[in-house]
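Remarks on the overall topology
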Amino acid sequence: MALPPRPARPTSYVSMDETSRALLESSMESSLVIDVSGYVLAANLMAAKLFGMETPGELEQANIYDLLPRDSADSRRARISEAIEAVRSLRFEEEVSGRSLVHSIVPVTNPWGEVTRLAINTLDLTELHRTDEDLRREQQRQIFFMESLPGIVYHLYPDQSIRYANRYFRKYFGSPKGKKCAEALNCANSSCEGCPPMESMESDRTQEWDWTDARGRTFHLQCSPMTDSAGERMIMVLGIDITDRKRAEDALKIAHDKSEDKVRRRTRELERANAELTSKSTRLVAAMKKADAATRAKSAFLANMSHEIRTPLNAVLGMAELALRVEDPSRKNECLGRVLEAGTSLLTVINDILDFSKIEARKLPLERIDFDIREVLRTALDMHRLHAADKGLTLVAEVGDDVPLAIVGDPGRLRQVLVNLVANAVKFTEAGGVTVRIGVAPGGVDTAPGSPLTLEFAVADTGIGIPKKKRRAIFKSFLQADDSITRKHGGTGLGLAICKLLVELMGGTLEVESEEGRGSTFFFAIDFSVGDPEALEQDRAEAATAAPRPGLRVLLADDNALNRSLAMDLLAEKGYEAVAVENGVQALEAVRRERFDLVLMDVQMPVMDGITATRAIRDPGSGALDSEVPIVALTAHALKGDRERFLAAGMNDYIAKPIRIDAFYATVAGAVNGAQAPGADSVAGAGVAAGVAAGGNDCAEDRQEGNGCPAFDRGTALEMLGGNRALLGRMDAIFLRDTPGEMEELAVALADQRWDEALRLAHSIKSSARTVGARRAGAQAEQVEFFCRQQDHTSATREYKALESEIRSALEFLAREAAPK
Ligand code: ADP
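Turning to the packing of aromatic side chains, a few remarks are in order. Per the stated rule, a full pass over the model turns up 14 aromatic pairs. Ring centres of phenylalanine 173 and tryptophan 211 lie 6.3 Å apart, and the angle between their planes is 45°; on these two criteria the pair is classed as tilted. Here tryptophan 211 lies in strand S8 (residues 207-212) and phenylalanine 173 lies in helix H7 (residues 167-173), a separation of 38 residues in the sequence. We classify phenylalanine 173 as buried; its relative accessible area is 11%. Classification of tryptophan 211 as buried rests on a relative accessible area of 5%. Taken together, Tyr154, Phe169, Tyr172, Phe173, Trp211 and Phe219 form an aromatic cluster joined through their ring pairs. The lysine or arginine in question, arginine 77, covers the ring of tyrosine 65, its NZ or CZ lying 4.3 Å from the ring centre.

This is the structure:
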């Protein structure tokens, strides 16, 4: 299109009233008025700015086609021409120098209808357009961002519809279109009540929570309330799948728990191991301490024992040496007396030790015979009557009425226990007394022979008591009560250890209750069985009446004067013709010389022992007149196996020492009659039991008094006579009747120096004294006997004086005993 010719510059401006001018100036758009040639007649500030000018004045008089870029000028001219020609308003958009412009052209006509001016309003849309574009781009970016997110994004509306869901969501849950959120999300929750997005909607606050869908996947959801482009309130929910993380976390937690568990377990194990180690080391230390204590106790015990042994042994040696050196016969005799005393004392100690080791080695068989428990208790108490009376103590026996007359068990062992306990009770009591109680254990008793029977024993005293911390120690083998007490009261300290072992051997437990200064009670229970009273009676009768055929000859070989005299007395009492010799050689000579119906052979003898002598007699070439003569051993050996040893040597049987009257007679009678020898056990057991009872406490009390042995030992005496009180009573009576006369005869014989007679009398007095348990008198008589044998007038006379006083007290004692109580 050809450009219209450029008209000349207008010469007059548009005249405008104030109102029109104000209207023009106030417009936000660019407003200008041009003539048909393009010259600006009027313009406002916006128009000036649009053309890059400062003031409207600068624009006025300018031609817009000059101001516009060429392209724009042309198109503008075309549009303006269009408006002029058509005489109508025009609206069009145009891009000028990168700006978006909207033009409104309104032609203004003169009265002739000719277009003379044009009003042009231009709106600059550039900024508006730019904002829209940015917005669009931003939205696009957002959507792109949401779409590409590795998590779910959705827009939730109050009606529970989801109007936008991103790709992740759609891929995982499917399209949410037309579905309520619960369905769209495959929600496992039963109700929407309290569902965080809904709450977020109500509270207008951001919410976060972990949500698990029906398939078990967990999302961490964040919902933020906002307004959409249409101004509607909604919630944008953003969710990240944390299932794997959670699983890993759970696994980690489990692993952690497990490892913590492991650590805890290990710690516990370590603690346990540590505790075990500690307790082990504690035990070890305790064991070491115990061993150490045991060693020390053993050493103390050994020191104690060697002291106990060495003291009398030194006395023996010293006195023997002195006896050899001194010329004066009375001094010599005094020394020998002391040797005797010390030797006796030594024997007691050694007996204690031997008993203990024998019992501890469990070498003693347990006897099972019918016995009278009242008798056992009586004999046990008898041993201590004198001592108790000396101290002004009462000695009481209480046996329950329901305790059967006959009991089956080991009377010897039981007696020994009682003897020891009563000895201690008397020893450690200065006022009051000692009570021994025997009763049937609760539960009663079936009196039929053979029925089981438990008896309870208690030995109670009102003595010094035992300190609490010593109460266990006193039972221990090598741990005795404190040395000072041991020294003060004498004793080997083995008594209770022996008792404990014996009680245990019989199936009981020895215990003690004690209060210092008030007294002690030792108690134990033992299972026996009910015995047969008739059998018991019969045994007694048999023992008492076993009478030999008259005229039977017995050879007795024994180096021990006491045993020899007792055996001889017993044999004589039954009418045996007995010959006594003192050793094996003499025995052999005797059997070569004479015929005997029986040989009683001591096993341990000087020159030739009993076993050798027996073998010699059994040897047909020995010259014995009867190599088949029955030989019965007399022995203190009573261990298992000894019997076999004796039998192997050719002995027929044996009698245990100290001699028990019933066993003695039964064995002797059995041997001469060719009867079956009594059971080895019963004989051996009885003998040993008696021996232990007699040996255990023999001289304990008297050593403390400094004397060789006790004045009286009635228990042993009774024991020797089988506990037969009547028999002992008869012996007492004979002693009371004959001894004063014999003493007178002895005095005369001594004065006349008729030594044989004196010797016989002294020997007889000695034997009688021993039989009734007057031990000191017996020992004294032996002294006299000894000096008679020596034909030592001075000594014998002096010893006789001492004997007189001993016999006097023995007679007084026996007279008291014989008096009705
Ligand atoms: P011992 O030969 O010393 O008497 P035991 O073994 O018989 O030996 O007794 C050990 C110790 O027990 C005694 O030395 C004494 O200390 C204590 N004992 C035993 N019986 C009694 C008792 N009845 N009263 C007080 N102490 C006792």
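What follows continues from the structure just given.
Overall, antiparallel pairing links the five strands, which are arranged S2-S1-S5-S4-S3 in an open sheet. Each end of this open sheet is capped by a strand with a single partner; those strands are strand S2 (40-43) and strand S3 (90-96). Averaged over neighbouring strand pairs, the angle between their axes works out to 25° when direction is ignored. In this fold helix H5 (residues 70-86) packs onto strand S1 (30-35), S3, strand S4 (99-109) and strand S5 (115-124), with an angle of close to 175° to the strand it touches most, S3.

What follows deals with the sheet that holds strand S9 (residues 218-227). Sheets are built from strands that pair by backbone hydrogen bonding, the pairs being arranged parallel or antiparallel. If you walk across this open sheet you meet the five strands as S7-S6-S10-S9-S8, and the pairing is antiparallel. Among the strands making up the open sheet, the edge pair consists of strand S7 (162-165) and S8. Between one strand and the next, the sheet's axes are offset by a mean angle of 25°, whatever the strand orientation. In terms of strand pairing, S8 meets S9 through six bridges, oriented antiparallel. Within S9, the residue paired with threonine 212 across the bridge is threonine 218. Together, strand S6 (152-156), S7 and strand S10 (233-241) form the strand contacts of helix H6 (residues 126-148), whose direction differs from that of S7 by roughly 80°.

Our focus in this paragraph is H6. Since there are 3.6 residues in each turn of an α-helix, residues three or four apart along the chain are aligned in direction. Taking 1.5 Å as the rise per residue, H6 with 23 residues should run 33 Å; its terminal C-alpha atoms sit 32 Å apart, in good agreement. Taken as a whole, H6 has its buried residues at Thr126, Met146 and Glu147. In this structure, the buried residues of H6 make contact with S4, S5, S6, S7, H7 and S10.

For serine 30, the position within the fold is in strand S1. Among residues more than four places away in sequence, those in contact with serine 30 are Asn44, Met46, Ala47, Leu50, Ile120, Asn121 and Thr122.

As a further point, take the pairing of S9. Counted between consecutive antiparallel strands, the loop separating S8 from S9 contains five residues, among which glycine 216 sits at a positive phi close to 90°. Between the end of S9 and the start of S10, which pair antiparallel, lie five residues, with glycine 231 showing a positive phi angle near 85°.

Turning our eyes to something else, we now look at the nonpolar core. Counting 48 residues, the largest nonpolar core has Leu418, Leu455, Phe457 and Phe524 as the members making the most contacts within it. Looking at this core, the elements with two or more residues in it are helix H12 (373-390), helix H13 (411-427), strand S14 (433-440), strand S15 (452-461), helix H15 (495-505) and strand S17 (519-530). The element contributing the most residues to this core is H13, with eight residues. Setting aside residues no more than four positions away along its own chain, leucine 418 makes contact with Val376, Leu377, Ala380, Val436, Phe457, Val459 and Phe524.

Taking 1.5 Å per residue, 17 residues should reach 24 Å; H5 reaches 24 Å between its end C-alpha atoms and fits that length. Residues of H5 that are buried: Ser72, Ala73, Arg76, Arg77, Ile80, Ser81 and Ala83. Down the axis, H5 shows its buried residues gathered within 165° of arc, on one side only. Within H5, the exposed residues directed more than 90 degrees away from the buried face are Asp71 and Glu85. Buried positions along H5 lie against S1, helix H4 (64-67), S3, S4 and S5. At the C-terminal side of H5, valine 87 shows a positive phi close to 50°.

Counting through the fold element by element, leucine 32 comes out in strand S1. On the accessibility criterion, leucine 32 (5% relative accessible area) is buried. Expressed as a C-alpha distance, the spacing of leucine 32 and alanine 43, which sit eleven residues apart in the sequence, is 4.1 Å.

Thresholds applied
- Residues numbered from 1 in each chain as written.
- Predicted model: local features only at pLDDT ≥ 70, side-chain atom pairs only at ≥ 80, totals over all residues.
- Heavy atoms only, no water.
- Phe/Tyr/Trp six-rings, centres within 6.5 Å; stacked < 30°, edge-to-face > 60°.
- Helix = DSSP H or I, 4+ residues; strand = E, 2+ residues; numbered from the N terminus.
- Buried < 20%, exposed > 50% of the residue type's maximum accessible area, 1.4 Å probe, protein only.
- Lys NZ or Arg CZ within 6 Å of the ring centre and 35° of its normal.
- Pairing = 2+ DSSP bridges.
- Axes fitted to C-alpha atoms, helices over the stretch in contact; angles between N-to-C directions.
- Contact = heavy atoms within 4.5 Å.
- Expected span 1.5 Å × (residues − 1).
- Core = buried A, V, L, I, M, F, W, Y, C linked by side-chain atoms within 4.5 Å.
- Arc of directions from axis to C-beta.

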